[in-house]
Structure formats: C-alpha cells, structure tokens
Amino acid sequence: MRIALIVFILFPIIEMMLLIEVGSQIGTLTTIALVFLTAILGVNLIRKQGAQTMMRAQEKIRQGALPANEMLEGLMLGLAGVCLLVPGFVSDTIGALLLLPMFRKSIAAIFLVKFISSRVNMHAAWNKNGSAFDQGGDTFEGEYRNEDKDMLDKK
C-alpha cells in the first residue's frame, strides 16, 4: 500500500517537472499541441487494436476456448488509453509501450503464468493442510445397504 501511495504522489510531480522542462525547451504551445496529438493518436490506435483484440476473443469463444490472453490485452489497452489521455510524457510513454503488441503480449503472458502458478500453489497448500484429496488418512471399506426401503416394504 505504501508503494501505491508513493507512486500516487510522485507520478504527478514527475509529470509536471517533465512538462515544464519540455515546455521551456520547445515552447508552451508546442508542448500543449504535442500532448493533444498523443491523446488523439492514442485513441485512434486503441480503437483499432481494441477491435482486433475483440475479434480474436470472439474467435476463441467460437472455438470453445477461454480468451484469457485477449481479456488481459483488452485491459492493457484500456490502461494504455487512460495513460494516453492523461496529460504528460511519462504516461504517454507507458501508454505507447502498452500499444506495442509484442510488449503487451509478453506482459499478458507474465500475468497469466503468475496467476496460474499462484493457483497451483494455492491448490497444493490446500491439499497439504488436509482436504478431500489427502492421501494420508484412514480408509474404510465396506458395503452399503438401504435399510429404510426394507422397513417400508414390511409395513
């Protein structure tokens, strides 16, 4: 939680410092125009790539497969859109990186591997602490006969 607070405080400060520095080098109006240009370009790229991702997800659904990778890519495209719409060059850089398909796919693969490994570890820990799948317990063998049915037949 501390890291999120530090990022929440430092990120706008870094953005403002960079905007001021770039503005002093190339001019205020040019800097503002550049910020608007990245936002417009980013929205158009996200719209195009989002449609492609949606079509791939629909194709996987038609094949009966889970479109997990496409769902993660869609989330990252949404994050890229937010980053590109927020004024600033650091957020624009993050948004531009998330627009690169190879970068986005590698991040999605990392998240999927971490998610699956955490689920496997959780399942292993659950079994280790005792569960229905525990092999170390007592085993009882026997036969089952429904006695209630016999009582009904006799009445």
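Residues numbered from 1 in each chain as written. Predicted model: local features only at pLDDT ≥ 70, side-chain atom pairs only at ≥ 80, totals over all residues. Heavy atoms only, no water.

Moving on to the overall build of the chain. Along its length, the chain carries 6 helices and 0 strands. Listing every helix and strand of the chain by position from the N terminus yields α-α-α-α-α-α. The buried share of the chain, taken over its 155 residues, is 19%. Across the chain, contacts joining residues at least 24 apart in sequence account for 56% of those joining residues at least 6 apart. Summed over its atoms, the accessible surface of the chain is roughly 12300 Å², and 70% of this surface lies on carbon and sulfur atoms. (Helix = DSSP H or I, 4+ residues; strand = E, 2+ residues; numbered from the N terminus. Buried < 20%, exposed > 50% of the residue type's maximum accessible area, 1.4 Å probe, protein only. Contact = heavy atoms within 4.5 Å. Areas by Shrake-Rupley, 256 points an atom, 1.4 Å probe, with all protein chains shown as cover.)

Here we come to the pattern of salt bridges. Tallying each qualifying case throughout the model produces 5 salt bridges. Note that R62 is salt-bridged to E59, the shortest N-O span being 2.7 Å. Residue R62 and its partner E59 are both found in helix α2 (residues 28–62); the two are separated by 3 residues, about one turn of the helix. The class for E59 is partly exposed, based on a relative accessible area of 37%. Among the salt bridges present, the one from R104 reaches E73, with a minimum N-O distance of 3.3 Å. One end of the pair, R104, is in helix α5 (residues 101–128); the other, E73, is in helix α3 (residues 68–85), with 31 residues separating them in the sequence. (Salt bridge = Lys/Arg side-chain N within 4 Å of Asp/Glu carboxyl O.)

Let us look at a nonpolar patch on the surface. Together, L5, I6, F8, I9, L10, I13, I14, M16, M17 and I20 give the surface a local cluster of nonpolar side chains, amounting to about 1000 Å² of exposed area. Its location among the elements puts L5 in helix α1 (residues 2–26). (Patch = residues over 30% accessible without salt bridge, like charges linked within 9 Å, V, L, I, M, F, W, Y side chains within 5 Å.)

Core analysis: the largest hydrophobic core is formed by 9 residues, namely I46, M76, L77, A80, L84, L98, L99, I107 and A108. Going through the elements one at a time, α3, α4 (89–99) and α5 are the ones with two or more residues in this core. Apart from residues lying up to four places away in sequence, L77 is in contact with I46, Q49, G50, T53, L98, L99 and R104. (Core = buried A, V, L, I, M, F, W, Y, C linked by side-chain atoms within 4.5 Å.)

Here Q49 lies in helix α2. Polar side-chain contacts of Q49 include one of 3.1 Å to the backbone oxygen of L99. If sequence neighbours within four positions are ignored, Q49 has contacts with L77, L99 and R104. (Polar contact = N/O pair within 3.5 Å; in protein donor to acceptor, adjacent residues only side chain to side chain.)

Before going further, it helps to examine the packing of α3 against α4. In contact at an axis separation of 7 Å, α3 and α4 are set at 150 degrees when each is read in the N-to-C sense. Overall, the two elements α3 and α4 adopt an arrangement that is roughly antiparallel. Between α3 and α4 the crossing geometry is left-handed. Counted together, M76, L77, L79, A80, C83 and L84 of α3 and S91, D92, I94, G95, A96, L98 and L99 of α4 form the full contact between these two elements. Of the residues contributing to the contact of α3 with α4, the split by class is 10 nonpolar, 2 polar and 1 charged. (Axes fitted to C-alpha atoms, helices over the stretch in contact; angles between N-to-C directions. Parallel < 35°, antiparallel > 145°, perpendicular 65-115°, else oblique. Left-handed = near helix turned anticlockwise from the far one by under 90°. Nonpolar A, V, L, I, M, F, W, Y, C, P; charged D, E, K, R; others polar.)

Limitation: the analysis is restricted to geometry and does not speak to function.
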